[in-house]
Amino acid sequence: MMRSVLLAGAQSPWLRERAPRLPFVRRTASRFIPGEALDDALAAAAILSRSGIATVVTHLGENITDAAEARQEALLYGEVLGRIRDAGLPTELSIKLTQLGLDLGATRCYENLARIIENAGTSSTVWIDMESSAYVDITLELYRRARTRYPNVGVCLQSYLYRTAKDLAALTPLGPSIRLVKGAYPEPANVAFPRKADVDANYFAVARQLLGRQSQQAGLRAAFATHDSALIDQIKLHAQTIGMAKSAFEFQMLYGIRKDQQMRLGHEGYCSKVLITYGSAWFPWFMRRMAERPANMFFVLRNLVGG
Ligand code: FDA
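Report on the accompanying structure. (Residues numbered from 1 in each chain as written. Predicted model: local features only at pLDDT ≥ 70, side-chain atom pairs only at ≥ 80, totals over all residues. Heavy atoms only, no water.)

This part takes up the side chain of Glu187. In this fold, Glu187 is placed in the loop between β5 (177-181) and α9 (196-211). Among all residues touching Glu187, those that are not within four sequence positions of it are Ser132, Ser133, Tyr160 and Ala192. (Helix = DSSP H or I, 4+ residues; strand = E, 2+ residues; numbered from the N terminus. Contact = heavy atoms within 4.5 Å.)

By nearness alone, 26 residues border the ligand, and Lys182, Gly183, Lys196, Thr226 and Glu292 come closest of all. Gly183 has a polar backbone atom sitting 2.7 Å from an oxygen atom of the ligand. Between the ligand and the protein, one listed contact pairs an oxygen atom with a side-chain N or O atom of His227 at 2.7 Å. Compared with its free state, where it exposes 930 Å², the ligand has 88% of that area covered by protein. (Near = heavy atom within 4 Å. Polar contact = N/O pair within 3.5 Å; in protein donor to acceptor, adjacent residues only side chain to side chain. Areas by Shrake-Rupley, 256 points an atom, 1.4 Å probe, with all protein chains shown as cover.)

Attention shifts here to the packing of aromatic side chains. Under the criterion given, the structure shown has eight aromatic pairs. Ring centres of Phe224 and Phe251 lie 6.1 Å apart, and the angle between their planes is 45 degrees; this geometry places the pair in the tilted category. Separated by 27 residues along the polypeptide, Phe224 in strand β6 (residues 221-225) and Phe251 in strand β7 (residues 249-254) bring together distant segments of the chain. Exposure class is identical for Phe224 and Phe251. Each is buried. Summarising the aromatic geometry, the rings of Phe249 and Tyr270 are spaced 5.9 Å apart at their centres and angled 50 degrees between planes, so their arrangement reads as tilted. Of this pair, Phe249 sits in strand β7 while Tyr270 is found in the loop between α12 (259-267) and β8 (271-278), placing the two residues 21 residues apart along the sequence. Here the two residues Phe249 and Tyr270 agree in accessibility, since each one is buried. A network of ring pairs unites the aromatic residues Phe224, Phe249, Phe251 and Tyr270 as a single cluster. Between the NZ or CZ atom of Arg145 and the centre of the ring of Tyr110, over which it lies, the distance is 4.0 Å. Positioned over the ring face of Trp285 is Arg289, at 4.5 Å from the centre of the ring. (Phe/Tyr/Trp six-rings, centres within 6.5 Å; stacked < 30°, edge-to-face > 60°. Buried < 20%, exposed > 50% of the residue type's maximum accessible area, 1.4 Å probe, protein only. Lys NZ or Arg CZ within 6 Å of the ring centre and 35° of its normal.)

Our focus in this paragraph is helix α11 (residues 229-241). An α-helix turns once per 3.6 residues; consequently, residues spaced three or four apart project the same way. Taking 1.5 Å per residue as the helical rise, α11 with its 13 residues ought to reach 18 Å, and the 18 Å between its terminal C-alpha atoms agrees with that figure. Burial in α11 covers these residues: Leu231, Ile232, Ile235, Lys236, His238 and Ala239. Down the axis, α11 shows its buried residues gathered within 165 degrees of arc, on one side only. Among the exposed residues of α11, those pointing more than 90 degrees away from its buried face are Ala230, Leu237, Gln240 and Thr241. With a side-chain oxygen lying 3.1 Å from the backbone nitrogen of Ala230, the N-terminal cap of α11 falls on Asp228. One or two positions beyond α11, positive phi appears at Gly243, with a value near 75 degrees. (Expected span 1.5 Å × (residues − 1). Arc of directions from axis to C-beta.)

Okay, the environment of Ala205 next. Topologically, Ala205 is positioned in helix α9. Here Ala205 falls in the partly exposed class, since its relative accessible area comes to 31%. C-alpha of Ala205 to C-alpha of Thr164: the two residues are 41 residues apart in sequence and 10 Å apart in space.

Quick look at the sheet that holds β8 now. Read around the barrel, eight strands follow the order β1-β2-β3-β4-β5-β6-β7-β8 and close on themselves; strand pairing throughout is parallel. For this sheet, the mean inter-axis angle between neighbouring strands, taken without regard to orientation, is 30 degrees. Here strand β2 (residues 91-95) pairs with strand β3 (residues 126-128) via three bridges, running parallel. Note on β3: the bridge partner recorded for Ser94 is Trp127. Where α9 meets the sheet, its contacts fall on β5, β6 and β7, and the angle it forms with β6 comes to roughly 160 degrees. (Pairing = 2+ DSSP bridges. Axes fitted to C-alpha atoms, helices over the stretch in contact; angles between N-to-C directions.)

The analysis is restricted to geometry; functional conclusions fall outside its scope.
Laid out in structure tokens, this is it:
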């Protein structure tokens, strides 16, 4: 119930406009976002890098419906890549296709995407986020197109969708880079598992598929993006059982969430990455973080009472 209310709030233009101006909302959001400026994101990336944690950076923004603005986002990522290179940071990019103009048409969006991938150079992967289920077909189509041309592009798959195991099987021959998440959008029961236990079980089933022989033979890169320690332990144990090296896959988490676990995985010899977001359009992203753990609302209340 609380999750649905928070996810509905994420999509409300009225709230998007007003809530980010409230000081207690800004204070709560600062737990998940180091700041609105690129400098804030890169400073956080540099600190994590000194602890042996690599990062992925994203400029917040989604459902951009102005072509010039969408193009501007692609150009901005060129600048971000330059700053990452100058600072010598182990930092990749993550983008949303609706930020690059997907709602305006696939062709324009693909041009913007291709520009970013080319700017990144072959040694740095550009990750494509997965948005709500209405975008899955077109996202996978554009991913397929990009992966056929470029080696350095990855895509996110969501374990709450019934279709994900099949989507993965279809992508595997491409030797894709896959980031597996549970999924963060409100979805109807005809497309996504309504029960968390089923989402978690499917996560592990798809994780096994990602580490399986076919995936490995195809050269697939597997990234497990979750903070769920039970699942992380299951994946580690499974990988160990099938004799897979710790370096053959990676874990990704979000900035500000389960820092203890991010560090522990690094110390244990796994590749541990943190996704850092920045930018002024942080409200929908922040509300999805609230919805993932309604107990986070206590932080909001504490910041409200604390003044
Ligand atoms: P789960 O929700 O079961 O949480 C497990 C534990 O982690 C909780 O018990 C709690 O301790 C901690 N935790 C999780 N979320 C928290 C929060 N917000 N605040 C505080 N503690 C929290 N989704 C999507 O649909 N498309 C995408 O492209 C991406 N991309 C993406 C990249 C990366 C790197 C990550 C880590 C996640 C995403 N997601 C995403 C979000 C993802 O779908 C999912 O909503 C969150 O990761 C939360 O799910 P968990 O797997 O952590 O499990």
